[in-house]
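In case you want the letters, here they are:
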Amino acid sequence: MQYRITAPKVVDTTVDLPASKSISNRALVVHALSGGEVMPENLSDCDDTEVIIRALRDMPPTINIKAAGTAMRFMTAYLASTDSGEHVLTGTERMCHRPIGHLVEALRRVGADISYAGEEGYPPLRIRGKKLDGGYVEMPGNISSQYISAMLIAGATMREGLTLHLTGNIVSRPYIDLTLCTMRDFGAQVEWTGPDTITVEAKNYRHTSYFIENDWSAASYWYEILAFSSEESILRLNGLTDGSRQGDSVTRYLFNLLGVKTTFAVKDKGVPTTVTLRHHHVRLPRLEFDFINQPDLSQTFVVTCAMMGIPFHFKGLNTLRIKETDRIEAMKKEMRKLGFIITSNADNDLIWDGTRCEPLPSPVIDTYEDHRMALAFAPAAALFPGLRINNPSVVTKSYPMYWNHLRAAGFVIEEEP
């Protein structure tokens, strides 16, 4: 299936953003470990969260988490650290080619019984659950933060607790901090006890009511839309928190540099509220930023900056190679279709120096089974009327209502075979 998208010149709408997938997935697993009966409120309705809900509810002998990377990492630790019997954990073909060896080895060092049902270092996994010993473990800090978060969440259930030492550079630190905050909300005692060491005390999680704020990652696409629309446009985004623990809340600061002003409705700090977006007359001539803590925002800013004619140099993108697709290569290929020559270097930086090429006369964006490709490229229809996007249903992985919300904002979206 393919969508043909035409953007309105003026946007004036209010959007009920989806709940944070990152918080939802953490809260679900911690809630399950607490033994609580009342589910967290305002859970995300995306595919990645749904597979965790079903897995925890049904616990079948073979658990298929499909394309959900977070679910694969978190469920590996959950199944290994609980007396849940024996399970095979698997996913899509792409998921079975995404590495998980660092997490498996770390769990084995604290007593986990995990074996590979296929290729060494990759899913599917055969897991026999039991209470783990815990203790001191080292993990590389420059791997996916989901491996680290999975270990930490399980750490509170281990007999000796967990001391996790991270070696080398630490990437996506805000996601690790988000995990620590969620654990504390459920009664865990967990702290950074050094610049690269986290200590989790052996203490059971407690049952508690829990409300999940809306998603700053989803908000980034609406900032992008506002950046491309006329100066008369105004957007209102519901359910965002000033001072959010989500790393992607840096969206508001980066877009301020690109001419989008954020105003929060007056409410207590930390309470979800409505954010209003308007244009203001500030724009950087060039943007350099290290996305080591917010890699999921990189696609949004590659598209935004190029479309606005703002050269960029984006760093900290190594983990993009092992996402739903190789996002480095996917972005270079799809941006060329729109006339932008994006390059990368040995450090996996993405760079645009302003070099252009002839865009395709009727560009069609491939999404590579990657939700953020569709989410980030759709707003570009403001500059490429009739832009086509293949396999648009991939957005259900994180933002199922995205196309409906675009239509409500005045976008014309035509389905083509």
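A short tour of the structure in this document, coming up. Because the structure is a prediction, the values reported are computed rather than measured.

1. Observations concerning the nonpolar core
- By size, the foremost hydrophobic cluster in this structure holds 72 residues, and its most contacted members are Trp 222, Met 335 and Trp 403.
- Considering every element that reaches this core, the biggest residue donor is helix H7 (residues 216-228), with 10 residues.
- Not counting the four nearest positions on each side in its chain, Trp 403 is found in contact with Tyr 3, Ile 5, Ala 374, Ala 378, Ile 389, Pro 392, Val 395 and Ile 413.
- Counting residues in hydrophobic clusters, the runner-up holds 65 residues, among them Ala 27, Leu 79, Tyr 147 and Ile 176.

2. Focus on the sheet that holds strand E9 (residues 190-194)
- Pairing in this open sheet of four strands is mixed, and the strands run E7-E8-E10-E9 from one edge to the other. Every other strand in the sheet has two partners, leaving strand E7 (135-140) and E9 as the edge strands with one partner each. The average angle at which neighbouring strand axes cross in this sheet is 25 degrees, direction not considered.
- The sheet contacts of helix H5 (residues 145-155) involve E7, strand E8 (162-167) and strand E10 (197-200), and relative to E8 the element is tilted by about 165 degrees.
- Its contacts with the sheet place helix H6 (residues 173-185) against E8, E9 and E10, and it is angled at close to 135 degrees to E9.

3. Some words on the pattern of salt bridges
- Tallied over the full model, the rule gives 25 salt bridges.
- Between Arg 286 and Glu 288 there is a salt bridge whose closest N-O contact spans 3.1 Å.
- With a closest N to O distance of 3.7 Å, Asp 296 and Arg 372 form a salt bridge. Separated by 76 residues along the polypeptide, Asp 296 in the loop between strand E14 (287-290) and helix H9 (298-307) and Arg 372 in helix H11 (residues 371-377) bring together distant segments of the chain. For the pair shown, Asp 296 and Arg 372 are each scored as buried.
- A single salt-bridge network, built from bridges that share partners, covers Lys 21, Asp 48, Asp 296, Glu 324, Arg 327, Asp 370, Arg 372 and Lys 397.

4. Let's talk about the packing of aromatic side chains
- All chains considered together, the criterion is met by 15 aromatic pairs.
- Ring geometry for Phe 186 and Tyr 210: centres 5.0 Å apart, planes at 35 degrees, overall tilted. Of the two residues, Phe 186 is situated in the loop between H6 and E9 and Tyr 210 in the loop between E10 and H7; the sequence distance between them amounts to 24 residues.
- An angle of 70 degrees between the planes, with centres 4.8 Å apart, marks the rings of Phe 289 and Phe 291 as edge-to-face.
- Ring pairing ties together the aromatic residues Trp 216, Tyr 223, Phe 255, Phe 264, Phe 289, Phe 291, Phe 301, Phe 312, Phe 314, Phe 340 and Trp 352, which thus form one cluster.
- If you follow Arg 407 out to its NZ or CZ, it ends over the ring of Tyr 3, 5.5 Å from the centre.

5. Considerations on the pairing of strand E19 (residues 387-390)
- The alternating pattern of E19 places Leu 387 and Ile 389 on a buried face and Arg 388 and Asn 390 on a face that is not buried.
- Bridging between strand E1 (residues 2-6) and E19 involves four bridges; their strand directions are antiparallel. By the bridge assignment, Ile 5 is partnered in E19 with Leu 387.
- Where strand E18 (residues 364-365) and E19 come together, two bridges link them in parallel fashion.

6. Observations concerning unusual backbone geometry
- A cis amide bond links Pro 123 with the next residue in sequence, Pro 124, at an omega value of 5 degrees.
- Checked against the element boundaries, Pro 124 lands in the loop between strand E5 (113-116) and strand E6 (125-128).
- Although it is not a glycine, Asn 42 adopts a positive phi angle of roughly 60 degrees.
- Residue position: Asn 42 is located in the loop between helix H1 (21-34) and helix H2 (47-58).

7. Things to note about the pairing of strand E11 (residues 234-240)
- By the criterion of burial, E11 is predominantly enclosed, with six of the seven residues buried.
- Where strand E2 (residues 12-16) meets E11, five bridges bridge the pair, whose relative direction is parallel. Bridge pairing in E11 places Asp 12 opposite Ile 234.
- When E11 meets strand E13 (residues 273-279), the two strands line up antiparallel, connected through five bridges. Along E13, the bridge assignment pairs Leu 240 with Thr 273.

8. Some thoughts on the side chain of Ser 217
- Structurally, the position occupied by Ser 217 is in helix H7.
- When near neighbours in sequence (up to four residues on either side) are disregarded, Ser 217 contacts Gln 246, Asp 248 and Arg 372.

9. Observations regarding H1
- The first and last C-alpha atoms of H1 sit 20 Å apart over 14 residues, in line with the 20 Å expected at 1.5 Å per residue.
- In terms of burial, H1 is a largely internal element, 13 of the 14 residues being buried.
- Two residues or fewer after H1 comes Gly 35, characterised by a positive phi angle close to 75 degrees.

10. With respect to the sheet that holds E5
- Ordered in space as E3-E4-E6-E5, the four strands form an open sheet in which the pairing is mixed. Because the sheet does not close on itself, it has two edges, and the strands there are strand E3 (62-64) and E5. Direction aside, neighbouring strands of the sheet carry axes that sit 25 degrees apart on average.
- Relative to the sheet, helix H3 (residues 69-81) contacts E3, strand E4 (86-90), E5 and E6, its axis offset from that of E4 by approximately 170 degrees.

11. Quick word on the environment of Ala 265
- Positionally, Ala 265 belongs in the loop between strand E12 (260-264) and E13.
- The partly exposed category is assigned to Ala 265, whose relative accessible area is 36%.
- As a C-alpha pair, Ala 265 and Gly 339 span 74 residues in sequence and 39 Å in three-dimensional space.
- Excluding anything up to four places from it in sequence, Ala 265 contacts Thr 273 and Thr 274.

Criteria and cut-off values
- Residues numbered from 1 in each chain as written.
- Predicted model: local features only at pLDDT ≥ 70, side-chain atom pairs only at ≥ 80, totals over all residues.
- Heavy atoms only, no water.
- Core = buried A, V, L, I, M, F, W, Y, C linked by side-chain atoms within 4.5 Å.
- Buried < 20%, exposed > 50% of the residue type's maximum accessible area, 1.4 Å probe, protein only.
- Helix = DSSP H or I, 4+ residues; strand = E, 2+ residues; numbered from the N terminus.
- Contact = heavy atoms within 4.5 Å.
- Pairing = 2+ DSSP bridges.
- Axes fitted to C-alpha atoms, helices over the stretch in contact; angles between N-to-C directions.
- Salt bridge = Lys/Arg side-chain N within 4 Å of Asp/Glu carboxyl O.
- Phe/Tyr/Trp six-rings, centres within 6.5 Å; stacked < 30°, edge-to-face > 60°.
- Lys NZ or Arg CZ within 6 Å of the ring centre and 35° of its normal.
- Expected span 1.5 Å × (residues − 1).

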